[in-house]
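One letter stands for each residue in the lines below.
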Amino acid sequence: MDTQNIAKNTTRELFLESFMAEAFREGCPFAVWKKPGQPLVEMIMDKDPQAYSRPNLDLDELPGGFMIHPFQNSEIHDQVYVKASRYERFMLGEASPAAEEEWNSNESILEGSATIVRNKIASLPEAPNSTPSNKENFLATVAKAIDRIQSGGFYKVVPARLKKRQLPPDFDLARVFLELCEAYPSAFVNCFYSETSGCWIGASPETLIRTKGDLFYTMALAGTQKAQGDNPLKNAAWTQKEIEEQALVSRYIVNCFKKIRLREYQELGPKTSVAGGLLHLKSEFLVDMKATNFPQLGSVMLELLHPTSAVCGMPKEDALAFLKAEEGFDRSYFSGFIGPVNLNGETSLFVNLRCAKLENNQALLYAGAGITEDSVPEKEWEETELKCDIIGKFIQTTKPH
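Residues numbered from 1 in each chain as written. Predicted model: local features only at pLDDT ≥ 70, side-chain atom pairs only at ≥ 80, totals over all residues. Heavy atoms only, no water.

Novice: How should unusual backbone geometry be read in this particular structure?
Specialist: Most peptide bonds are trans, and most residues other than glycine sit at a negative phi. With an omega dihedral of -10 degrees, the bond running from His306 to Pro307 counts as a cis peptide bond. Along the chain, the position of Pro307 falls in the loop between helix H8 (297-305) and strand S14 (313-314). With an omega of -5 degrees, the peptide bond running from Met314 to Pro315 counts as cis. Along the chain, Pro315 turns up in the loop between S14 and helix H9 (316-326). For Arg354, which is not a glycine, the phi torsion comes out positive at approximately 50 degrees. (Helix = DSSP H or I, 4+ residues; strand = E, 2+ residues; numbered from the N terminus.)

Here's what the structure looks like:
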């Protein structure tokens, strides 16, 4: 890396680290993100967090901000809305003029901000009901799920597991965020904090809904295998189990359209998609909200879709009951949904996957596996290991590579 790029990276890291440190110091919720395929990093801070601590899901009524929604609402885990009372942004390909002018890449300021962030993460209390998943227990849960599917209990279920990893002494949240942006350009790279949700970082491959102008968009993403070779898209070979798993998720979306009598939509795929060193099968759905006379489609579909069959199962209620009885830990905001709302004329909400919760000098890594009647328990464990590693490998050490 040449000297000019090193200076740009230092300046961007300084700008981001200082923003996070200010939010922690003042006790303000914040969110930082980069949308898939875009070089723009956006940051917001909420100077008045009480006004929208429990928002409804009528997206059109919300001010510009960032939605944080748990897998399941509860007294412990409630939806949070971070309003954009302060909004900053910078491009990954260039240094931030504001930071460059104000700090001139002052390393002492960078280290001071990093220390504030590191100390805050160390002080965050460990969540209750967050015991790491035991492999033997996970395999038994998968086997039980397969039996239930074969006996007609449900078509699919998505048990998850929790893995803990100690944060290194030099852990640097801003640097990890920027490394994720570089490593996973097609993911929704994000970091957010509120007193209710705690502090999270992730790189999600899955859009839940997006609305921009008159266009509504959602996707069905399922099936997982490791990307192989120089051209992984050409090397992909999908099994019947993976094809059927993805078809169930697509069917779930179509059934949601049927519930609201929406017949005019465009379906693209399925096709192979690369996300964080893994391959998935993806179908995309588009609706012209003006042509269908359905301006509230984003809010309506959000209520219908979450939690999707890609993170829960199908039928939803039966799968949820199984997960509640068998999973053995609290998902919290993992497999909930997150993302910017009503900013720059767009709302983009993503499923909170490939993520870690940071607390008490630890990273809590979450991953799930879609189980159908053709699943093999050992392979499902290996899949969750690959998914945990997408974020986990970036927190083992945060010194420049």
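Additional details are given in the paragraphs that follow.
Novice: Help me understand the sheet that holds strand S4 (residues 80-83), please; the structure alone is not making it clear to me.
Specialist: Strands belonging to one sheet form pairs held by backbone hydrogen bonds; the direction of such a pair is parallel or antiparallel. Taking strand neighbours across the sheet as the criterion, the 8 strands line up as S4-S3-S15-S16-S10-S11-S13-S12 in an open arrangement whose pairing is antiparallel. Since the sheet does not close on itself, it has two edges, and those belong to S4 and strand S12 (266-275), each with one partner. Looking at each pair of strands side by side, their axes are set apart by 15 degrees on average, direction ignored. Relative to strand S13 (residues 278-288), S12 runs antiparallel, the two sharing 8 bridges. By the bridge assignment, Ala275 is partnered in S13 with Leu278. Sheet strands in contact with helix H7 (residues 240-259) are strand S11 (215-226), S12 and S13, and its direction is about 160 degrees off that of S11. (Pairing = 2+ DSSP bridges. Axes fitted to C-alpha atoms, helices over the stretch in contact; angles between N-to-C directions. Contact = heavy atoms within 4.5 Å.)

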